[in-house]
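Report on the structure
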Amino acid sequence: MSTFHWTESHTARSARWHSESATPRPNRVVVADDRMKADTAYRLACEGTALLWRGDFHNARQLLQAMRRRIDRKPPRPGDSPADSFHLHRRARSHRARVLSRLLVLLEGDYSLGLRRAPDVRQACSEAYGPPHGPLAVSFTELLGVIGAHQWRKTGVAVPALDARIHPHYGVFSPVRGEYVDLVAHAPLPASTDNRAARRTAFDLGTGTGVLAAVLAHRGIDHIVGTDISPRALACARENVRRLRFSGRIDVVGPSLFPDGRADLIVCNPPWIPARPTSAVELGVYDPDSTMLHSFLDGLSAHLEPGGEGWLILSDLAERLGLRTRSELLAAIETADLRVLDRTDTRPRHPRTRDTTDPLHAARAAEITSLWRLASN
């Protein structure tokens, strides 16, 4: 973690710099308050100058919205192909995030925020960043994300398949898209889970919040092992498992993809888009070169019990965007010496499928999410 330096009231000051998107600390900084005009703030941010906000908290939100409106006046042009449109959209989103992230705030040594009308953010920041270790400079957009994540963590997300709520942590993909949860809740369990005298076992790879592991326990699987490579996800899943009283049936281990041993059922819901994430939160959506998808397929046979199944939950959005073909997916399954037993499809229900202003609307509106039932040859 680097040190952020600035001058205020003719005094040199410093704080630790933190960015979840690994943005380098800014080299040029000006102190800004309620007197700064949106046009000035937007120009400075576009030029690469960071604005350390010392005014009113709610005015900072209004300034951020005004800057966002100025960026959005120039929407990305459509590409010559769906893949081109996707890359232009990502580039525009990256530029937008970069400019908006130059509005900064200073968290004091106990994570308190010394701005007028500021909420108490200490617990939210402790949940996201861990124990405080002195003043911390962060982007205001990141802090708003931390505050929002704290609210999600408190209230949770309703999961009808569990008749309960799952409580996501900051930086852990939230199960707000219920279609993939419903697929796991209703797919027929492998015959091996009925025929084996021993207790039925399952692995949930990339467990995240632990929602799919909990669904499998709810369906009667005797022992589930959830894995993840993210420390935040591991802590989140363990907390949800305890909250749902599945601690005796679900173990959460990692960082790893596959745990030791074999299982009757192995479930994986990898990130759907083969592109590079720009922040920890995007790790649940973007998977460079489909690395996790291929790792799951390549390791599946070695970890399945005889007669067991692997369940791959995957959207075809990447195919509709021209980022991966169906032939490539089928070839990867065949190369891993697997066969397809069945496939169940569903349509997404999230609001973005109806947003006609979204440059990727055509692909999102046609998107299909599938549960592929796979077995070893």
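Residues numbered from 1 in each chain as written. Predicted model: local features only at pLDDT ≥ 70, side-chain atom pairs only at ≥ 80, totals over all residues. Heavy atoms only, no water.

Here's the deal with the overall build of the chain
Rules: In this text, helices come from DSSP runs of H or I with a minimum length of four residues, and strands from runs of E with a minimum of two, each type numbered from the N-terminal end. Note on classification: 1.4 Å probe, protein chains only; a residue is buried when its accessible area is under 20% of the maximum for its type, exposed when over 50%, partly exposed between these limits. The contact criterion used is simple: two residues touch if any of their non-hydrogen atoms lie within 4.5 Å.
Looking only at helices and strands, the chain has 13 helices and 15 strands in total. Seen through its C-alpha atoms, the chain measures out along the principal axes to roughly 75 × 50 × 35 Å. Within the chain, the proportion of its 377 residues that are buried is 51%. Sequence-distant contacts, at least 24 apart, represent 67% of the contacts inside the chain between residues at least 6 apart.

Considerations on the environment of L297
Checked against the element boundaries, L297 lands in helix α10 (residues 291-303). You can call L297 buried: its relative accessible area is 0%. For the pair L297 and R324, spaced 27 residues apart in sequence, the C-alpha separation works out to 16 Å. Apart from the residues lying within four places of it in its own chain, the contact partners of L297 are L312, A332, I333, A336, L338 and L374.

Comments concerning the sheet that holds strand β2 (residues 11-17)
Put simply, the rule reads: Think of it this way: DSSP has to see at least two bridges between two strands before they count as a pair. Fitting a line to C-alpha atoms yields each axis, with helices limited to the stretch in contact; the angle taken between N-to-C directions then spans 0 to 180 degrees.
Strand order in the open sheet made by the six strands is β1-β2-β6-β5-β4-β3, with mixed pairing throughout. With partners counted over all chains shown, the strands left at the sheet margins are β1 (3-8) and β3 (29-32), one partner each. Geometrically, the sheet is characterised by an average inter-axis angle of 40° between neighbouring strands, direction not taken into account. Sheet analysis places strand β5 (residues 103-107) next to strand β6 (residues 136-139), joined by four bridges and oriented antiparallel. By the bridge assignment for β6, V105 is matched with V138. Together, β5 and β6 form the strand contacts of helix α5 (residues 140-155), whose direction differs from that of β6 by roughly 90°.

Digging into the nonpolar core
Using the following cut-off: By nonpolar core we mean a set of buried residues, namely Ala, Val, Leu, Ile, Met, Phe, Trp, Tyr and Cys, connected to one another through side-chain atoms within 4.5 Å.
Within the largest apolar cluster, 56 residues are counted, with the highest numbers of intra-cluster contacts made by V184, I266, F296, L297, L312 and L374. Counting residues per element, this core draws most heavily on helix α8 (residues 211-218), at seven residues. Counting 35 residues, the second largest nonpolar core, distinct from the first, contains A60, L63, L64 and V105.

Quick look at the packing of helix α6 (residues 178-186) against α8
Counted only if it meets this: For this classification, under 35 degrees means roughly parallel, over 145 means roughly antiparallel, 65 to 115 means roughly perpendicular, and everything else is oblique. Should the near helix be turned anticlockwise from the far one by less than a right angle, the crossing is termed left-handed; should it be turned clockwise, right-handed. Just so you know the grouping, Ala, Val, Leu, Ile, Met, Phe, Trp, Tyr, Cys and Pro go in nonpolar, Asp, Glu, Lys and Arg go in charged, and all remaining residues, Gly too, go in polar.
Look at α6 against α8: their axes get within 9 Å of each other, and the N-to-C directions meet at 25°. In terms of their interaxial angle, α6 and α8 are classed as roughly parallel. In terms of crossing hand, the pair formed by α6 and α8 is right-handed. Across the interface between the two elements, Y180, V181, V184 and A185 from α6 touch V211, L212, V215 and L216 from α8. Here the contact of α6 with α8 is composed, by residue class, of eight nonpolar, no polar and no charged.

Let's talk about helix α1 (residues 38-46)
Definition in use: In this context, the arc is that of the directions from the helix axis out to the C-beta atoms.
Restricting attention to buried positions, one finds in α1 the residues A38, A41, L44 and A45. Buried residues of α1, seen end-on, are gathered within an arc of 135° and therefore sit on one face of the element. Where the residues of α1 are buried, they touch β3, β4 (50-53), α2 (57-72) and α3 (82-100). Count one or two residues on from α1 and you reach G48, which has phi positive near 100°.

Observations regarding the pattern of salt bridges
Threshold: By convention in these notes, a salt bridge is any Lys or Arg side-chain nitrogen within 4 Å of a carboxyl oxygen on Asp or Glu.
Using the criterion set out here, one finds 20 salt bridges in the structure. Two residues, E179 and R177, come together in a salt bridge whose shortest N-O distance is 2.7 Å. The network of salt bridges with common partners includes E8, R13 and R54.

A closer look at the packing of aromatic side chains
Let me state the cut-off plainly: In this scheme Phe, Tyr and Trp rings, the latter by its six-membered ring, pair at centre separations within 6.5 Å, and the angle between planes marks the pair as stacked below 30 degrees, edge-to-face above 60, and tilted otherwise. Counting as a charge over the ring demands two things of the Lys NZ or Arg CZ atom: a distance within 6 Å of the ring centre and an angle within 35 degrees of the ring normal.
Summed over the entire model, instances satisfying the criterion amount to four aromatic pairs. Each member of the aromatic cluster is reached from another via a ring pair, and the members are F4, W6 and W17. One Lys or Arg, R90, reaches over the ring of Y286 and ends 3.9 Å from the middle of that ring.

Remarks on the sheet that holds strand β9 (residues 201-205)
Across the sheet, which stays open at both edges, the seven strands sit in the order β11-β10-β9-β12-β13-β15-β14 with mixed pairing between neighbours. Each edge of the open sheet is held by one strand with a lone partner, namely β11 (250-253) and β14 (338-346). Neighbouring strand axes in the sheet, compared pairwise and without regard to direction, differ in orientation by 20° on average.

So, the environment of R153
If you trace the backbone, R153 turns up in helix α5. Judged by relative accessible area, R153 falls into the buried class, the value being 19%. Taking the C-alpha atoms as reference points, R153 and G79, separated by 74 residues in sequence, lie 38 Å from one another. For R153, the residues in contact, after removing those within four places along its chain, are E127, H167, P168, H169 and E239.

Here we look at the pairing of β11
To keep it simple, the criterion reads: A clockwise path from the first strand over the helix to the second, with the strands pointing away from the viewer, defines a right-handed crossover.
The alternating pattern of β11 places I250 and V252 on a buried face, while none of D251 and V253, on the opposite face, is buried. Examined bridge by bridge, strand β10 (residues 223-227) and β11 share four bridges and lie parallel to one another. If you follow V225 over to β11, its bridge partner there is D251. Where the polypeptide runs from β10 across helix α9 (residues 231-243) and back to β11, its parallel neighbour, the crossover connection is right-handed.

Some remarks on α10
Defined as follows: Multiplying 1.5 Å by the residue count of a helix minus one yields the expected span of that helix. Throughout, the bend at a residue refers to the angle made by two axes, fitted to the seven residues ending there and to the seven starting there.
With 13 residues, α10 ought to run about 18 Å at 1.5 Å a step, and its terminal C-alpha atoms sit 18 Å apart, in line with that. Roughly 25° is the biggest bend found in α10, and it falls at L297. Buried within α10 we find M292, L293, F296, L297, G299, L300 and H303. Looking at the packing, one finds that the buried side of α10 touches β9, β12 (263-268), β13 (304-315), α12 (326-335), β14 and β15 (369-376).

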